[in-house]
Amino acid sequence: MTFKELQTGDYFRILGMSIGYVYRKTSDNYCTLNDTLQPIRPYTSVRKLTGAELIDYLAQQTTAAEQKPKPVVRLKSRPVPSREKAGSTKYGIIS
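Just so it is clear, the model here is predicted, and its values are computed rather than measured.

Caption draft 1: Geometry of the nonpolar core. Among the nonpolar cores identified, the biggest contains nine residues, and these are Phe3, Leu6, Phe12, Ile14, Tyr23, Cys31, Leu33, Ile40 and Val46. Mapped by element, the contributors of at least two residues to this core are β1 (11-14) and β3 (30-33). Leaving out residues up to four positions away in the same chain, Leu33 has contacts with Tyr21, Val22, Tyr23 and Gln38.

Following this line, the structure appears as structure tokens:
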């Protein structure tokens, strides 16, 4: 089967590539690998994933996503002036 024969959205492997590389057809000239858009020739030999292979692949993707630690966002903190000091200056209280 060639890339041209696939339908948009189909998951496939390129013949001769490692079994870990699973692509998805996004258009007539492009596919994605790990959410990265890549050009591909229409007559590249490919093998469409079967239903069972697709289920295994998607299960691995969700398991890997669950195991990844979520990024921690740390904001720079500034000391907040106390309420008593908020309205005062070195010359007195602001009214």
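Anyway, onward from the coordinates.
Caption draft 2: Just the pairing of β3, in detail. Bridging between strand β2 (residues 23-25) and β3 involves two bridges; their strand directions are antiparallel. Directly across from Lys25, in β3, lies its bridge partner Cys31. From the end of β2 to the start of β3, which pair antiparallel, there are four residues. Two elements, β3 and strand β4 (residues 36-39), share four bridges in a ladder whose sense is antiparallel.

Caption draft 3: How the structure looks around the packing of aromatic side chains. Counting across every chain of the model gives three aromatic pairs. A ring pair is formed by Tyr11 and Tyr57, whose centres lie 6.0 Å apart and whose planes are at 55 degrees; its orientation type is tilted. One end of the pair, Tyr11, is in strand β1; the other, Tyr57, is in helix α1 (residues 51-67), and 46 residues separate them in sequence. A relative accessible area of 22% places Tyr11 in the partly exposed class. Here Phe12 and Tyr23 contribute two aromatic rings whose centre-to-centre distance is 5.6 Å and whose plane-to-plane angle is 20 degrees, an arrangement assigned as stacked.

Quick notes on the rules
Residues numbered from 1 in each chain as written. Predicted model: local features only at pLDDT ≥ 70, side-chain atom pairs only at ≥ 80, totals over all residues. Heavy atoms only, no water. Core = buried A, V, L, I, M, F, W, Y, C linked by side-chain atoms within 4.5 Å. Buried < 20%, exposed > 50% of the residue type's maximum accessible area, 1.4 Å probe, protein only. Helix = DSSP H or I, 4+ residues; strand = E, 2+ residues; numbered from the N terminus. Contact = heavy atoms within 4.5 Å. Pairing = 2+ DSSP bridges. Phe/Tyr/Trp six-rings, centres within 6.5 Å; stacked < 30°, edge-to-face > 60°.

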